[in-house]
Amino acid sequence: MRMPKCHDHVTARTVLLIGCTALVLSLSGPGAQAQPRDVARQTLGAGDGWASEGTGTTGGSTADAKHVYTVTTWDQFRAALKDGGSAPRIIKVKGMIDAVSEGCDAFAAAGYDFQKYLAAYDPAVWGHDKPVSGEQEDLRAASAAAQDKTIKASVPADTTIIGVGKGSGIRGGSLQIKGVDNVIVRNLAFEAPIDCFPQWDPTDDNKTGAWNSEYDGIVVYGSTHVWVDHNTLTDGRYPDSSLPAYFGKTYQQHDGLLDVVRGSDHVTVSWNSFKDHDKTMLIGNSDSATADDTGKLKVTLHHNRFEGIVERAPRVRFGQVDSYNNHFVVTKGQKWGYVYGIGKESRLVAEHNAFTLAQGISPAKILKKWNEAPVTAGSNVVNGKAVDLIAVHNAEIPGETLQSGAGWTPTLRADIDPAKAVPGIVDARAGAGRIC
């Protein structure tokens, strides 16, 4: 009988578990290293993905009592991030904290009127040949700047941010992990921030126009050694299906859930639940970022669950990305484009994953070729059966023939489960409120 595994991420070889509150021993080296009972002080285990490379990822585990904070509001949260200078810190989020608790109107500049905005930039009036400009666009930009200043929270180095128990998280805020090292984010429910003031770009989408939005739930920008674990990230109360359309285009108020960009390196994304979102995750955000991204963007994704995701799970440029033991669910009738985007100079390894596709959906669309780059995709299952993702893609979409063989072999893998077992294991354990 195969016993269920707790997957605490503090082990590399052997774990002694006595319930989910157990003391966990890591046997990653010559002897056993005890992990603390306080999950807020737990660190990433040796060999657990790219974030364990080199110095590893310890976050604020060494914080003294003065630099351990419990916050219940967005203002308290941002204050805790700023307090204490460069000292390691632990921030415990208790309950759901809301970055936009007063609503979008609180950010609106005096004189901004959305109906006037629509009237001014209606394609029948403005056309599609030039970007919008003028009074209402200036007021929209000022309103957007006010929201930007309020909902972004800059995370310093040597920080652990963790939700307390079940039901804790952040609504409408954007974590900016920018230019720092050694950050842990765990056990939080993120409701993706909505852009209160999307910009109409009449020149976008082949000059048919599009609404463009800002703000990701979590942004890892030019940072190293980041561990994102056991979080739930979703559109929450504002799914795309609830968004109106103007000028024949969806009034898009969401950007990404988790992006890793601009020279970031050594990131592990584990045991998270990504649900009901469109453009979910970028690893590398521009083909022109060669100088920043070449040789970096090393990211591991394991034991994550993706459901109701349209695309970018993830889309990869440049990076050596290891994606294993994830469960991807595509339901009947949902909008769906692809799972893995193969972008410029990417080196994606996607192995031992499980895909649950509704009837009539072809596995050929799991991979999407954007640029010429090799990919390794073996030992994956679709609806419980082994499928060669590259072969089926190339057979059904010959105009996007993919090369097999990413040219590197991942070694930093904590625990590899059989692909057929992944749905049961991941569905039971991924997401906020499920840390052992």
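Per chain, the residues get numbers from 1 upward, laid out in the order the sequence is written. With the structure being a predicted model, the display of local features is reserved for residues of pLDDT at least 70 and the display and counting of side-chain atom pairs for 80 or more, all residues being used for whole-chain, interface and lining totals. Side-chain numbers come from the whole structure's heavy atoms, not from hydrogens or water.

Caption draft 1: Highlighting helix α4 (residues 135-151). Helix and strand assignments come from DSSP, with helices taken as H or I runs of at least 4 residues and strands as E runs of at least 2, each series counted from the N terminus. For a helix, the expected span equals 1.5 Å multiplied by the number of residues minus one. Over its 17 residues, α4 runs 25 Å from end to end, which matches the ideal 24 Å to within 8%, given 1.5 Å per residue. Buried residues are those whose accessible area, probed at 1.4 Å on protein chains only, stays under 20% of the maximum for their type, while exposed residues exceed 50% and partly exposed ones sit between those limits. Within the sequence span of α4, burial applies to Gln136, Glu137, Leu139, Arg140, Ser143, Ala144, Gln147 and Ile151. What you see down the axis of α4 is that its buried residues fit within an arc of 160°, all on one side. Facing away from the buried surface of α4 by more than 90 degrees, the exposed residues are Glu135, Asp138 and Lys149. Every residue pair with non-hydrogen atoms within 4.5 Å of one another is taken to be in contact. Buried residues along α4 sit against α1 (74-82), α2 (114-121), β6 (152-154), β9 (174-178) and β12 (199-201). What the arc measures is the spread of directions leading from the helix axis to the C-beta atoms.

Caption draft 2: Structural context of the packing of aromatic side chains. Centres within 6.5 Å are what make two rings of Phe, Tyr or Trp a pair, Trp counting through its six-membered ring; a difference in plane orientation under 30 degrees is then read as stacked, over 60 as edge-to-face, and the rest as tilted. For the coordinates displayed, the defined rule picks out 23 aromatic pairs. Ring centres of phenylalanine 114 and tyrosine 251 lie 5.2 Å apart, and the angle between their planes is 50°; on these two criteria the pair is classed as tilted. Of this pair, phenylalanine 114 sits in helix α2 while tyrosine 251 is found in the loop between β18 (249-250) and β19 (258-261), placing the two residues 137 residues apart along the sequence. In this structure, phenylalanine 114 and tyrosine 251 share a single accessibility class: buried. Consider the rings of phenylalanine 274 and phenylalanine 306, whose centres lie 4.8 Å apart with planes at 10°: the pair is stacked. Taken together, the positions of phenylalanine 274 in strand β21 (residues 273-279) and phenylalanine 306 in strand β24 (residues 305-311) put the pair 32 residues apart, joining distant regions of the chain. Each of the two residues, phenylalanine 274 as well as phenylalanine 306, counts as buried.

Caption draft 3: Focus on the nonpolar core. Among the buried residues, those of types Ala, Val, Leu, Ile, Met, Phe, Trp, Tyr and Cys that are joined through side-chain atoms within 4.5 Å form a nonpolar core. Residues Phe77, Leu175, Ile218 and Tyr340 are the most contacted members of the largest nonpolar core, which totals 82 residues. Core analysis: the second largest hydrophobic core is formed by six residues, Ala354, Val381, Val426 and Ala430 among them.

Caption draft 4: Focus on the packing of α2 against α4. It is at 9 Å that the axes of α2 and α4 come closest, and there the two elements cross at 135°. Put simply, α2 runs oblique to α4. Judged by the sense of rotation from one axis to the other, the crossing of α2 with α4 is left-handed. Listed contacts from α4 to Lys116, Tyr117 and Tyr121 of α2 are Glu135, Gln136, Glu137 and Arg140. Amino acids outside the nonpolar list (Ala, Val, Leu, Ile, Met, Phe, Trp, Tyr, Cys, Pro) and the charged list (Asp, Glu, Lys, Arg) are all regarded as polar, and Gly is one of them. Partitioning the contact of α2 with α4 into residue classes produces two nonpolar, one polar and four charged. Angles here are taken between N-to-C directions and fall from 0 to 180 degrees, while the axes themselves are lines fitted to C-alpha atoms, restricted in helices to the stretch in contact. These descriptions rest on fixed angle ranges, namely under 35 degrees for roughly parallel, over 145 for roughly antiparallel, 65 to 115 for roughly perpendicular, and the rest for oblique. The sense of a crossing depends on the near helix, which, turned anticlockwise from the far helix by less than a right angle, makes the crossing left-handed and, turned clockwise, makes it right-handed.

Caption draft 5: Local environment of the sheet that holds strand β16 (residues 232-234). Strands are labelled as partners when DSSP assigns at least two bridges between them. With mixed pairing, 10 strands are arranged side by side in an open sheet as β5-β8-β11-β16-β21-β24-β27-β30-β33-β34. Two strands close off the open sheet at either side, each with one partner strand: β5 (96-98) and β34 (385-386). As defined by bridge partners, strand β27 (residues 327-330) adjoins strand β30 (residues 354-357) across four bridges and the pair is classed as parallel. Paired with valine 329 across the bridge in β30 is threonine 356. Across the sheet, helix α8 (residues 422-429) lies against β24, β27 and β30, angled at about 90° from β27, the strand it touches most.

Caption draft 6: Expanded view of the side chain of aspartate 235. Within the secondary structure, aspartate 235 sits in the loop between β16 and β17 (245-246). Working convention for charge: Lys and Arg count positive, Asp and Glu count negative, and His plus the chain ends are omitted. A pairing counts as a salt bridge when a side-chain nitrogen of Lys or Arg comes within 4 Å of a carboxyl oxygen of Asp or Glu. Despite its burial, aspartate 235 pairs with no opposite charge; the closest candidate is lysine 335, at 11 Å N-O. In protein, a polar contact means a hydrogen-donor-capable atom and an acceptor-capable atom, both N or O and within 3.5 Å, with residues adjacent in sequence counting only if both atoms are side-chain atoms; elsewhere, any N or O pair within 3.5 Å suffices. A polar side-chain atom of aspartate 235 sits 2.5 Å from a polar atom in the side chain of histidine 277. Residue contacts for aspartate 235: discarding those within four places in its chain leaves Glu191, Ala192, Asp240, His254, Leu257, Lys275, Asp276 and His277.

Caption draft 7: Summary view of unusual backbone geometry. The linkage connecting alanine 313 with the following residue, proline 314, adopts the cis geometry, with an omega of 0°. Here proline 314 lies in the loop between β24 and β25 (315-316). Residues other than glycine seldom take positive phi values, yet histidine 225 does so here, at roughly 55°. Assignment of secondary structure puts histidine 225 in strand β15 (residues 224-229). A relative accessible area of 9% places histidine 225 in the buried class. Phi at asparagine 325 takes a positive value of approximately 55°, unusual for a residue other than glycine. Inspection of the secondary structure puts asparagine 325 in the loop between β26 (320-324) and β27. Asparagine 325 sits in the buried class, given a relative accessible area of 0%.

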